[in-house]
Amino acid sequence: MLKLSIWLTIFCVIACTKVEWAMACATGAPRSINLYASYETGTVGATTPVNQMDIHSCSPSDSGKYLMVTMGPDLIGLDYSRQISFTDDFRDDECTLKDAPLLKLRSYSQELIDYREQRSLLEHCVIMEFKDLSTSGLSLPDQPIVNGKPLCSLRMIDSSTAIGWGGACFIGLHQDTNLTIQYRTNPECAQSSYLSKQSIKPQDVHGAFSIYLTDSPSGLSTDLEALHSGNFRMTIAPSSKLLPVSTDFGNTLPRWPVQYAPDVHLGELTIYDQGSASGVLTSWLADNSCQEICKDGVCSSPCNYLTPIASEVALHETSLNSSGKPQSQFLSGWYQGGAIPAKWQGMVRDTLHRIEYNPFKIGSTYRLSAKFSYPDTYFRMSSENLRRKLITSINLKNSVIGRDPLNPLMPLQELRTLLPQVPTLETLPNFELPNLGSRVFNVQKSLDTLTSFLSLENWPPYFESLCNRDLQSCKSPYTERASIEIDLDFKIEALNADRTYQLSNMIIHKRTSFGENYDRPIENLPSIECRQQ
């Protein structure tokens, strides 16, 4: 029998392939929940219209079983791999960045410290209300103890209602169970004194909420049936006295930092020969950590929040004219982007950009240019391109979701590690994609998750300035034309056996409006190296 802390971590990593989807109880639930608190205005609320799950019509054979209701932050790896746990324990993926021009590489121990801060925020600021409207009332077993504390803290209000906090709560089932689980923000988290007392930093926390059917409330059973899962976001908005924040649209919407400070570099670049066409697969190395600022016992930074990372990309062929002067020919342009989690470091990958002809010739030289200038505008444009790629990749004509298999979705090979909100495309029955090695993806969940972030009325905010990491040098992209510009000059050396081009003579150039500039020849672009498990 596995120890609870170990098993929960393992379960969260492999649940997508090991847990069967239950038909035992009927459920109604949103695919995403976004909650927030503002200690400047003293308000709490939600930016999603439905923040409640309903469980009813359970089969007679499920009487005496239990629901495991879970919630936890994401631990996002360097390549956007996603682990979710309800304890402090994680499996180190043993991945490192190679050839990364970052000032400081984050350690695994620092990632765990940040994770524990996020988990503490959820435990203090998110309340789950359990209400069973059946004649039998609410049944609460003893909750598992992990590291000397309950995995879930529950308090009965009356015979049918309880409120709870924690990573995994167990609720007893009976034949006439008619349960609602509502998520809401603890009003105390809209008080700066409470945040200071609990050492809670204003920030974004992203994770998942799920509900499973199990035969035991011990937390040790591996016989689980998944009823529902969705994505979760909890935001503690900073005070305008602590950080510059977005326009006040009233107490019903949170305000976001408007300083943009991630450190960005070019990551891996792969160019494909596709016969009569070609493809360019780009990535960005990003570091979303910057100087924290404290006021009245509360500390935060712009990098404590989900941050868009998007650019305008252009590809040129370069040469010398008859007079020996440099010249270039435009080949293709596109918008590329994603979003990086709070205090995260790693590789942001794009989907494959297809060029409807093949301009690449062995021996010729090229320049790939990227400009980061208007983070909110570029992000919305790149995200709309992604949304269209997802939707047009799905052929649902004359099909029934959950019954009919989808046609092969080859673009999803690149989408798997693009955004934190699409970190691992989780499973649903009958979503077989034979051309992807029999992997199974829940496309609808990815779309719903992506939509849940893009539909926020005031996110991304209108960023007022681009800043360096210590926030001491900031300039406006609008009035001062502030930008981050990255160019890569390279030569096509040869065509590899896998139909990718070998690049040589690489020179990287970076220009920023706040002085972080360089020109350097490189042998290898930044990449991720993982030990074999």
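Residues numbered from 1 in each chain as written. Predicted model: local features only at pLDDT ≥ 70, side-chain atom pairs only at ≥ 80, totals over all residues. Heavy atoms only, no water.

Q: It is not clear to me how the overall build of the chain should be interpreted in this structure. Could you clarify?
A: Assigned secondary structure in the chain consists of six helices and 35 strands. In the chain, the proportion of contacts linking residues at least 24 apart, taken out of those at least 6 apart, comes to 73%. (Helix = DSSP H or I, 4+ residues; strand = E, 2+ residues; numbered from the N terminus. Contact = heavy atoms within 4.5 Å.)

Q: Explanation requested: the sheet that holds strand β34 (residues 518–522) in the structure shown.
A: Read from one edge of the open sheet, six strands run β24-β23-β27-β32-β33-β34, paired in antiparallel fashion. Each having just a single partner strand, β24 (326–340) and β34 make up the two edges of the open sheet. Shown here is a sheet whose adjacent strand axes are inclined to one another by a mean of 20°, direction ignored. In the sheet, strand β32 (residues 484–495) pairs with strand β33 (residues 501–512) via 10 bridges, with the strands oriented antiparallel. Residue K491 lies in a different strand from β33, and its bridge partner there is S504. (Pairing = 2+ DSSP bridges. Axes fitted to C-alpha atoms, helices over the stretch in contact; angles between N-to-C directions.)

Q: Sorry if this is basic, but what is going on with the confidence of the model for the chain here?
A: Reading fine detail from the predicted coordinates is not recommended where pLDDT is low. Here the chain shows a mean pLDDT of 80. Residues at 70 or above account for 80%. Within the chain, strand β28 (residues 432–433) has the poorest average pLDDT of any element, 27, and β32 the best, 97. Confidence drops under pLDDT 50 across residues 1–22; counting only partners more than four residues distant or on other chains, this segment forms 56 contacts. Ignoring residues within four places in sequence, the model shows residues 394–455, a span with pLDDT below 50, making 134 contacts including any to other chains. (pLDDT = per-residue confidence, 0-100.)

Q: Looking at this model, I keep getting lost on the state of the cysteines. Mind explaining?
A: A disulfide bridge is the covalent bond that connects two cysteines by way of their sulfur atoms. Per the counting criterion, the structure on display carries seven disulfides. Between the sulfur atoms of C152 and its disulfide mate C169 the distance is 1.9 Å. An S-S torsion of about 85° defines the bridge between C152 and C169 as right-handed. In this pair, C152 is assigned in strand β12 (residues 152–158) and C169 in strand β14 (residues 168–172), connecting sequence segments 17 residues apart. Comparing C152 with C169, the two get one shared label, buried. Each disulfide pairs two cysteine sulfurs, and for C290 the partner residue is C303, the sulfurs being separated by 2.2 Å. (Disulfide = S-S within 2.5 Å. Buried < 20%, exposed > 50% of the residue type's maximum accessible area, 1.4 Å probe, protein only.)

Q: In this structure, what is going on with the sheet that holds strand β2 (residues 26–28)? I would like to understand it.
A: Strands pair in a sheet through their backbones, by hydrogen bonds, and they do so in one of two ways: parallel or antiparallel. Judged by pairing direction, the sheet is antiparallel, and its six strands sit side by side in the order β2-β5-β15-β9-β13-β12 without closing on themselves. Edge strands, defined here as strands with exactly one partner in the open sheet, are β2 and β12. Averaged over neighbouring strand pairs, the angle between their axes works out to 20° when direction is ignored. Summarising the sheet, β12 and strand β13 (residues 161–166) pair through six bridges and their orientation is antiparallel. Paired with D158 across the bridge in β13 is T161. Along the sheet, helix α2 (residues 108–125) makes contact with β9 (126–132), β13 and β15 (178–185), crossing β9 at roughly 45°.

Q: Please clarify how the pairing of strand β20 (residues 277–287) should be interpreted in this entry.
A: Two faces make up the sheet, and in a regular strand the side chains alternate between them. The buried fraction of β20 is high, at 11 of 11 residues. As defined by bridge partners, strand β19 (residues 263–274) adjoins β20 across 10 bridges and the pair is classed as antiparallel. Along β20, the bridge assignment pairs L266 with W284. Taken together, β19 and the strand that follows it, β20, pair antiparallel across an intervening segment of two residues, in which G275 is found at a positive phi of about 80°. Bridge count for β20 against strand β26 (residues 353–355) is three bridges, and the pairing is antiparallel.

Q: Explain α2 here, please?
A: For an α-helix, the turn length of 3.6 residues means that residues three or four places apart are oriented alike. Taking 1.5 Å of rise per residue, the 18 residues of α2 would be expected to cover 26 Å, and the 26 Å separating its terminal C-alpha atoms lies within 8% of that figure. For α2, the full list of buried residues reads E111, L112, D114, Y115, Q118, R119, L121, L122, E123 and C125. (Expected span 1.5 Å × (residues − 1).)

Q: Where do I start with the nonpolar core in this structure?
A: Looking at soluble globular proteins, one finds that nonpolar side chains tend to be buried together. Formed by 41 residues in total, the largest nonpolar core has its most connected members in L67, Y183, F232 and M234. In this structure F232 touches I33, L35, M71, L122, V126, Y183, V205, H206, G207, A208 and F209, once residues within four positions along its chain are discounted. Membership of the second largest hydrophobic core comes to 39 residues, among which are V264, I340, I355 and Y501. (Core = buried A, V, L, I, M, F, W, Y, C linked by side-chain atoms within 4.5 Å.)

Q: Got a minute to help me understand the side chain of T161 in this structure?
A: With respect to the helices, strands and loops of the structure, T161 is situated in strand β13. On the basis of relative accessible area, T161 is assigned to the buried category, the value being 4%. Separated by 2.8 Å, the side chains of T161 and K131 make a polar contact. The residues contacting T161, other than those within four sequence positions of it, are E129, F130, K131, L138, R155 and M156. (Polar contact = N/O pair within 3.5 Å; in protein donor to acceptor, adjacent residues only side chain to side chain.)

Q: Would you explain the pattern of salt bridges in this entry?
A: Pairs can form between side chains of opposite charge once their charged atoms are near each other. One pass over the full model with this rule turns up 21 salt bridges. Of the charged contacts in the structure, one is a salt bridge between K361 and E317, with a shortest N-O distance of 3.2 Å. With a gap of 44 residues between them, K361 in the loop between β26 and β27 (365–372) and E317 in strand β23 (residues 307–320) connect regions that are remote in the sequence. Taking the relative accessible area as the measure of exposure, K361 reaches 41% and is therefore partly exposed. Its relative accessible area of 16% is what places E317 among the buried residues. Each of R106, D114, E117, K201, E292 and K343 takes part in one network of salt bridges that share partners. (Salt bridge = Lys/Arg side-chain N within 4 Å of Asp/Glu carboxyl O.)

Q: Which parts of the structure should I look at to understand unusual backbone geometry?
A: Located in the positive-phi region is D296, a residue other than glycine, with phi close to 55°. Along the chain, D296 falls in the loop between β21 (293–295) and β22 (298–300). Judged by its relative accessible area of 68%, D296 is exposed. A positive phi angle, near 50°, is found at N505, a position not held by glycine. Mapped onto the fold, N505 is located in strand β33. The exposure class of N505 is exposed, given its relative accessible area of 58%.

Q: For this particular structure, what's the right way to read the packing of aromatic side chains?
A: In this description, a pair of aromatic rings is defined by centroid distance and the angle of the planes. Evaluation of the coordinates by the stated rule reveals 13 aromatic pairs. Geometrically, the ring pair formed by F209 and F232 is edge-to-face, given 6.4 Å between the ring centres and 75° between the ring planes. Pair noted here: F209 is in strand β16 (residues 204–214) and F232 is in strand β17 (residues 224–237), with a separation of 23 residues, a long-range link. For the pair F209 and F232, a shared accessibility class is recorded, and that class is buried. With a centroid separation of 5.8 Å and an interplanar angle of 90°, the aromatic rings of Y374 and Y378 are classed as edge-to-face. Classification of Y374 as partly exposed rests on a relative accessible area of 25%. We classify Y378 as buried; its relative accessible area is 6%. Ring pairing ties together the aromatic residues Y335, Y374, Y378, Y462 and Y478, which thus form one cluster. When the ring centre of W459 is taken as origin, the NZ or CZ atom of R233, which lies over that ring, is 5.3 Å away. Here R520 stacks its cationic end above the ring of Y518, 3.8 Å away from the centre of that ring. (Phe/Tyr/Trp six-rings, centres within 6.5 Å; stacked < 30°, edge-to-face > 60°. Lys NZ or Arg CZ within 6 Å of the ring centre and 35° of its normal.)

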